[in-house]
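# Inside the fold
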Amino acid sequence: MTANSLTIAAARDGLRKKEITSVDLTMACLTAMDAGDGLNAFVFKTPEIALEQARAADARLAAGDAPAMCGIPLGIKDLFCTKGVPSQAASNILAGFRPEYESTVTTQLFGAGAVMLGKLNMDEFAMGSSNESSCYGNAVNPWKVDDRALTPGGSSGGSASAVAADLCLAATGTDTGGSIRQPAAFTGITGIKPTYGRVSRWGVVAFASSLDQAGPMTKSVRDAAIMLQAMSGHDPKDSTSANIPVPDFEAALTGDIRGQVIGIPREYRMDGMPAEIDALWQKGIAMMRDAGAEIRDISLPHTKYALPAYYVIAPAEASSNLARYDGVKYGHRAKMAPGDGITEMYEKTRAEGFGPEVQRRIMVGTYVLSAGFYDAYYNRARRVRALIKQDFETVFAAGVDSILTPATPSAAFGLGEMANVSPVEMYLNDVFTVTVNLAGLPGIAVPVGLDATGLPLGLQLIGRPWDEAGLLNHAHVLERAAGFVSKPSKWW
Amino acid sequence: MSIDIDTARKVAKLARIRVEEAALPKLAEQLSGILSFMEQLNEVDVSGVDPMVSVTPMKLPMRADVVTDGDIQAQILKNAPEAREGFFAVPKVVE
């Protein structure tokens, strides 16, 4: 086993015992990263920054009392602004943009001694479920069972691909409707979206501000606990960041869930759900029961309306957030024709800079917010959102500690396979994950098994607000019972 | 509710995205598809339910109204496609 395939926990322990240095670990990852170009996971590499950070981490480790993330090589999703390093949200409209500032999440991670290997591929502005809307071209799933190249999922597809292929120890992701959990499930890794407000959104390119949250994508639940710890906490620069203490997530991994109540929502048994997904879900239920949890059937009656509500609210917020890309302050500006005024400059710049899915969502958002439709679409969707949140509050008040569901409706699909379906069919990928963003809850995807063809499948656990600690412990039990150790065989 | 070509043209204009005439029919069709998916929301009884405005029940914090940074003109203009004499430069706005 080479150092790049270590978990954060194993690397941390090795670094502290002086069995390995951060420079060795970083070199192993840089080598794997360069050998992994066929995955198109990294879109900008920062080896000089990585080695400088690794040397500083080694000095800190030698001095003692280094934090858990000290010396750990990470990939950073292109949605995070990183000072002096291209940060384009995988969009041509941000061509050439090098932020003059650092996002709070990366500031905290680097402050804890973490090492940045480079920036990771994603769907443009995090809008997509297959990483195919990226201006860099799609990332590729390291898992492969036949001739087809498979999607790593989206929007955090580069993050998922890089972690699953051991190009880095872990990566940052962001999740607006499932963008951490769906790619994690498609690539056999762990991904947690924390409670809305747990992690600062400052310096993360905004998609839908009331839904966006950043989180870690890792090789184990323990790693998710360690890395989430370093990413979390109050930030005065994000007014929705919660000023409440962050518990010790790793210490919460007791493995004891006896007497805990796990809800199984009947509305998640969708019509036409593949038998394999249902079987995996039943297997997960049995594992949690065997671990001593009480399994309870629950109802979340408004589940069916989560997707349509999401696809009103998210584009509405996006149309407003993306109004800032006008060719004036940063990024691309279209070439002007004689006589063009400022309106032509805006229209041409945005037509050239945004890809088709982003343009579509901006226009849907513009429409649902326009005079005459605001109440019929946007306000109605926000009312339905309140009901969806209430569904969860009701079951949590009745004593449910976490909720177990499938993570995705299928295993990873082939790249290009969804090219001719309607946008709505692609949206169905988010069916199990999107409720969690609407309600602001924490959710985690854990790999549980392989499908008949040998592709990974994951389950999702949904937690009470602010109870990432309890949620991670449940996920830890599921992970241990599932014993998922499969890795993709190297073809890239 | 389906979107006709005129509405698609108007929405593109409002969004400040240039869409060629030839591309409008396809756009109208796709927007109509997305909107008809949203029509499901009309099945829900939302009477007496307030639109959700805050994800977590919290009061937005207030801070003192004081200057905390500044003198970073060069940094602010650094990524501008066109900057002149300390300003963002754009095509003529007023005739």
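Here, every reference points to the structure presented above.
Summary of the structure given here.

Calculation rules
Residues numbered from 1 in each chain as written. Chains lettered and ligands numbered in written order. Predicted model: local features only at pLDDT ≥ 70, side-chain atom pairs only at ≥ 80, totals over all residues. Helix = DSSP H or I, 4+ residues; strand = E, 2+ residues; numbered from the N terminus. Rg over C-alpha atoms; globule rule 2.2 N^0.38 Å. Buried ≥ 20, exposed ≤ 12 C-beta atoms within 10 Å, placed from the backbone. Contact = placed C-beta atoms within 7 Å. Pairing = 2+ DSSP bridges. Axes fitted to C-alpha atoms, helices over the stretch in contact; angles between N-to-C directions. Parallel < 35°, antiparallel > 145°, perpendicular 65-115°, else oblique. Nonpolar A, V, L, I, M, F, W, Y, C, P; charged D, E, K, R; others polar. Expected span 1.5 Å × (residues − 1).

## Description of the overall build of chain A
Along its length, chain A carries 15 helices and 11 strands. Taken over C-alpha atoms, the radius of gyration comes to 21 Å for chain A, in line with the 23 Å a tight globule of 492 residues would show. Each principal axis of the C-alpha distribution contributes one length, and for chain A these read about 70 × 55 × 50 Å. Scored against the burial criterion, the 492 residues of chain A give a buried share of 62%.

## Concerning the interface of chain A and chain B
At the junction of the two partners, chain A supplies 55 residues and chain B supplies 37 residues. It is helix α12 (residues 374–397) of chain A that provides the largest number of residues to the side of chain A that touches chain B, a total of 11 residues.

## Details of the pairing of strand β5 (residues 190–193) of chain A
Residue and element names in this part refer to chain A. A two-sided burial pattern is seen for β5, the buried positions comprising Thr190 and Ile192 on one face and Gly191 and Lys193 on the other. In this sheet, strand β10 (residues 443–450) lies alongside β5 in antiparallel orientation, the contact comprising 3 bridges. Residue pairing for β10: Gly191 is matched across the bridge by Ala445.

## Focus on the packing of helix α9 (residues 306–321) of chain A against helix α11 (residues 356–369) of chain A
Angle between the axes and distance between the axes are the two parameters that describe a pair of packed helices. Residues and elements named next belong to chain A. The N-to-C vectors of α9 and α11 enclose an angle of 100 degrees; their axes lie 7 Å apart at closest approach. Accordingly, the angle class assigned to the pair α9 and α11 is roughly perpendicular. For the pair formed by α9 and α11, the contact residues are Val312, Pro315, Ala316, Ala318 and Ser319 on the first element and Arg361, Ile362, Val364, Gly365, Thr366, Val368 and Leu369 on the second. Of the residues belonging to the contact of α9 with α11, the class tally is 8 nonpolar, 3 polar and 1 charged.

## With respect to helix α15 (residues 468–482) of chain A
Residue and element names in this part refer to chain A. The terminal C-alpha atoms of α15, which comprises 15 residues, lie 20 Å apart, in line with the 21 Å expected from a rise of 1.5 Å per residue. Considered for burial, the residues of α15 that qualify are Glu468, Leu471, Leu472, Asn473, His474, Ala475, His476, Val477, Leu478 and Glu479. As for α15, its buried residues are in contact with α7 (221–231), α8 (275–290), β9 (402–406), β10 and β11 (456–463). In the stretch just after α15, Gly483 is the one whose phi turns positive, near 55 degrees.

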